[in-house]
Amino acid sequence: MTVTLEVRDNVGTILLDRPPMNALDVAVQDRLRELAEEATRREDVRSVILYGGEKAFAAGADIKEMQAMDHAAMVLRSKDLQDAFTAVARIPKPVVAAVTGYALGGGCELALCADFRIAADNARLGQPEILLGLIPGAGGTQRLARLIGPSRAKDLIFTGRMVKAEEALTLGLVDRVVPAAEVYEQAHAWAAKLAKGPALALRAAKESVDAGLETDIDTGLTVERNWFAGLFATEDRERGMRSFVEEGPGKATFR
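Every value quoted in this text rests on a predicted model; they were computed, and no experiment measured them.

S.K.: How would you sum up the sheet that holds strand β6 (residues 116–120)? Please name residues and give values.
M.R.: What links the strands of a sheet is backbone hydrogen bonding, and the strands pair in either a parallel or an antiparallel sense. Pairing is mixed across the open sheet formed by 6 strands, whose spatial order is β1-β2-β3-β4-β6-β9. Only two strands of the sheet have a single neighbouring strand rather than two, namely β1 (3–8) and β9 (176–178). Taking each pair of neighbouring strands and ignoring which way they run, the sheet shows an average axis angle of 20°. As defined by bridge partners, β1 adjoins strand β2 (residues 11–16) across 6 bridges and the pair is classed as antiparallel. Within the sheet, the bridge partner assigned to Arg8 lies in β2 and is Val11. Sheet strands touched by helix α1 (residues 26–41): β1, β2 and β3 (47–51). Its angle to β1, the strand with the most contacts, is close to 25°.

This is the structure we're talking about:
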């Protein structure tokens, strides 16, 4: 398999394994969607890591495969491409991207689907599609602008330039830069910590933030209010409040 889902300590790692650079061909895209849907369904998966191994996260689409496609073929394929990445972005659990080496084009767009990005100090990120006479087609024009702002997003998309890890951190494209040897370990620590949290509350928080970014503030507040009230029906809410009253903050154990 070119993409696998491995589960340890309630953390599911979606691992890209298509040497040498994890090019995102059609088979990889479809497999990503399948595993994102599996991670969503599985109760033993409480958080998710996106990882491409020690060498590279993903260096982009399979250009040779795309070169053979004409307009009609891409009209049919582009929706499936976006749907694969959207499935990852909508995993209703905390998702962290562990980025090593190149995360370009579709690789950068895949990292944008995570809630948090930990990058190696050797990481290189960018949207170089303009250099092929194209634009990002797997969510890059939308998720990148929402993450770092339209002007900074346009700079990267218009020029196609790569940014090193430290500039990516300054731009807000990644959230933490660590030595390359520590990327997966730190991503797993982040994911494992959240895997012990209240699953429904984490889902509510993620969906409230994401939905709010896509609508007006009044609609966003309605989404937040409905989730907030709904969580009063959960056992985790009862446990959390009881623990706070009896033991103090931060000591609750959630199921």
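Read on for the rest.
S.K.: Account for the nonpolar core, with residues named and values stated.
M.R.: Within the largest apolar cluster, 47 residues are counted, with the highest numbers of intra-cluster contacts made by Ile14, Leu50, Phe57 and Leu173. With 6 residues, the top contributor of residues to this core is helix α3 (residues 71–89). If we skip the residues at most four places from it in the chain, Ile14 touches Val3, Thr4, Leu5, Leu32, Leu35, Ala36, Val48, Ile49, Leu50, Tyr51 and Ile91. If you look at the next biggest cluster of nonpolar residues, it comprises 16 residues, including Leu15, Tyr51, Val96 and Ala98.

Here is what the cut-offs are and how they apply
Residues numbered from 1 in each chain as written. Predicted model: local features only at pLDDT ≥ 70, side-chain atom pairs only at ≥ 80, totals over all residues. Heavy atoms only, no water. Pairing = 2+ DSSP bridges. Helix = DSSP H or I, 4+ residues; strand = E, 2+ residues; numbered from the N terminus. Axes fitted to C-alpha atoms, helices over the stretch in contact; angles between N-to-C directions. Contact = heavy atoms within 4.5 Å. Core = buried A, V, L, I, M, F, W, Y, C linked by side-chain atoms within 4.5 Å. Buried < 20%, exposed > 50% of the residue type's maximum accessible area, 1.4 Å probe, protein only.

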